Amino acid sequence: MENGVSSFNQFIHELSVDSDSSSVDYASAEDEPDEIYRSTPSSPLSDGSGTCRTSTHINHDPHWTNWVAYIFSWILLPARFLLRIPFLLFRLLSSRESKASLDTGSPHPRTFHPFRKVHSSKDHVVQRTIDRRRGVIEDLHLAIEIFIEAIFDMFHKAAYFVFSPFAAFRIFGKWFSSPSAGDKDIDDNVSNASVPTATLGANDPSPRERNLTLHHTLNTDARTCRDVITELGYPYEAIHVITSDGYVILLERLPRRDARKAVFLQHGILDSSMGWVSNGVVGSPAFAAFDQGYDVFLGNFRGLVSREHMDKNISLRQYWRFSINEHGTEDIPAMIEKIHEVKTAELKLSHPNEETNDEQPYKLCAISHSMGGAAMLMYVIIRRIEEKPHRLSRLVLLSPAGFHDETSFLFTVAHYICLLLAPILALFVPALYIPTRFFRMLFNKLVRDFHNYPAVGGLVQTILSYGFGGDSSNWVGVLGLPHYNMNDMPGLSFRVIHHLAQIKRTKKFRMYDFGSKAVNMEVYGSPEPIDLGEYYSLIDIPVDLVAGKKDQIITSSMVKKHYRLMKNSGVDVSYNEFEYGHLDFTFAHHEELLAFMMSRLLLVEPDLKRQSSPKKALKLKKTGQARSGVSSD
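Residues numbered from 1 in each chain as written. Predicted model: local features only at pLDDT ≥ 70, side-chain atom pairs only at ≥ 80, totals over all residues. Heavy atoms only, no water.

Trainee: How would you sum up unusual backbone geometry? Please name residues and give values.
Mentor: A positive phi is found at Leu270, a non-glycine position, where the angle reads about 50°. The phi dihedral of Ser370 is positive, around 55°, even though this residue is not glycine. Along the chain, Ser370 turns up in the loop between strand 7 (363-369) and helix 12 (371-385). Judged by its relative accessible area of 5%, Ser370 falls in the buried class. (Helix = DSSP H or I, 4+ residues; strand = E, 2+ residues; numbered from the N terminus. Buried < 20%, exposed > 50% of the residue type's maximum accessible area, 1.4 Å probe, protein only.)

Pasting the structure below:
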């Protein structure tokens, strides 16, 4: 105890202030009036480390905080009741004692004032860089320790009044003489405190006063891909793309507007663009490609809990009514056409005197993972069947979906249950996701417990690994990524699950079977869905297939099946294997994989456009006149 302040309470309040001082509020992209947001166009050096996972940034909503705090107050009602009484009593008593000492001119310090000492400027100048989020177990542990500390403080104060009766009578006398004088002082000190803070890297690093509310129980990570990119100093641009069927999807970008080489990164199932930047500067494909001079575009499939659609009143069942078909024939075409529109306009502005022809003035490569690879193959083949340009120059497919003959026992059982009960499940389970913000917050905090308690995390990791056939991916680490937060997260449509089950049953890479020959005839022009494997000969660009030897979600033998069909169809295809699990292709830091991907991209060199000069134009004009003169003779 020092100056009447218990060491544990001092530590708790320092922890609360430190956690808040290291947080940064980010505005949601939905709050901005413009469609495109850009940060500073400077690029950082490559000596940064991948610390984006360890910094904490929280976006608080006062209404949400009050609502959840109310729920937790009822859950912990006994502790709340016992804590409330002694704290209020002793704060009132200590305020009277402080007022009495000030009135009598006593030089002695105050006996009990737990918040003033905590808010010294020397403790809050440097921002914390460690992850200060708490899980459910830590929250309960913290509440129990605060409760025990309050009990000991109560006995301490009781003993003080017993052995100092004159001081007690003096305090009670002041209390009854002016009952409203001290309450306001205590409430002001407790509820809102001015804390001196400073930000590293600011022009003026001197501490600044800001208001701090000491009630931050929901310290979950709600960062977005935009936050991670801008934190590391890279430029960012958000483009909202509308598909032909009304879905609003987010195309994110690390812009190099004058670059003639671009790369499009597409995630897989239950993932988002966060996967391409989650390893920080050194280990993320998006940053590696940008540092190599590429204009980087990050795609996002439809299927978020927020249900972004042009029809604001779209029902739950209507929104989730899509399969892999829509990913390959709606989402990817909309995003790539938007890329073509943006790049063509920008290059025309930066090179106004350039010769124009029917060719696109840039080269676009695509890197896709898992279901993103299957959707990308579907996109290229369908565009070729429809005789439309696909705009791509090369495909790099990391453990692509499409063939699922070999799956784990758990997946096999789930596939057959899905096929057997599809008509019933489709009515009651349109998608798999966490529906409410409260349970998403609870999920986020439970994942923090997996990280903070190695025994619990190891158990969950082992169970998930065995459930997925022994796949060695860091499942617990992936669950802790920020795109699984209480504001929004990816969901999984039931039709996507049903589509994957159909592919496993038929052992063919086919489009979705609607279960009716009439509907199939209307959609595909045949009673059976299109077998994409039979159309691999239409692929007219190089394809690089990458498999993981430890991948038990999409085994290397299934990737080899893609390779054999493409090779037999005359496709320029390569095959490579790495010692990875399924999620290691995006969420793990592997220099050899990044080097391989960059080497594949470098095989595509953009065509350098020649500048048209007046002399050349005059020469072409004279040549045309001469030819016309010869033909007229």
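Trainee: For the sheet that holds strand 5 (residues 261-266), give the residues involved together with the corresponding values.
Mentor: Taken in spatial order, the eight strands of this open sheet run 3-4-6-5-7-8-11-12, and their pairing is mixed. Taken across any chain shown, the strands that pair with only one partner, and hence form the sheet edges, are strand 3 (237-242) and strand 12 (573-578). For this sheet, the mean inter-axis angle between neighbouring strands, taken without regard to orientation, is 20°. Alignment of strand 4 (residues 248-254) against strand 6 (residues 295-299), held across three bridges, turns out to be antiparallel. Counted as the bridge partner of Glu252 is Leu298 from strand 6. Lying over the sheet, helix 12 contacts strand 5, strand 7 and strand 8 (394-398), oriented at roughly 140° with respect to strand 7. (Pairing = 2+ DSSP bridges. Axes fitted to C-alpha atoms, helices over the stretch in contact; angles between N-to-C directions. Contact = heavy atoms within 4.5 Å.)

Trainee: Provide a residue-level description of the pairing of strand 7, including the pertinent values.
Mentor: Across the seven residues of strand 7, six count as buried, placing the element largely inside the fold. Here strand 5 pairs with strand 7 via six bridges, running parallel. Paired with Leu265 across the strands is Ile367, a residue of strand 7. Pairing of strand 7 with strand 8, which is carried by five bridges, proceeds in the parallel orientation. Bridging from a neighbouring strand, Cys365 pairs with Arg394 of strand 8. With respect to chirality, the unit in which strand 7 leads through helix 12 into the neighbouring parallel strand 8 is right-handed. (Right-handed = clockwise from strand over helix to strand, strands pointing away.)

Trainee: Summarise the UniProt feature "transmembrane region" (unreviewed entry) in the protein; cite the residues concerned and give the values.
Mentor: Mapped onto the present numbering, the UniProt feature "transmembrane region" (unreviewed entry) falls on residues 413-434. Helix makes up 68% of residues 413-434 and strand 9%, whereas the separation of the span's terminal C-alpha atoms amounts to 23 Å. (UniProt positions renumbered as here; feature names shortened; annotations may be inferred.)

Trainee: Before we move on, could you go through the pattern of salt bridges and cite the residues and values that matter?
Mentor: The tally for this structure, following the rule as stated, stands at 20 salt bridges. Note that Glu346 and Arg257 form a salt bridge whose closest N and O atoms lie 2.7 Å from each other. Of the two residues, Glu346 is situated in helix 11 (residues 324-350) and Arg257 in the loop between strand 4 and strand 5; the sequence distance between them amounts to 89 residues. For Arg257, a relative accessible area of 24% puts it in the partly exposed group. For Arg394, the salt bridge goes to Asp544, with nearest N and O atoms at 2.7 Å. (Salt bridge = Lys/Arg side-chain N within 4 Å of Asp/Glu carboxyl O.)

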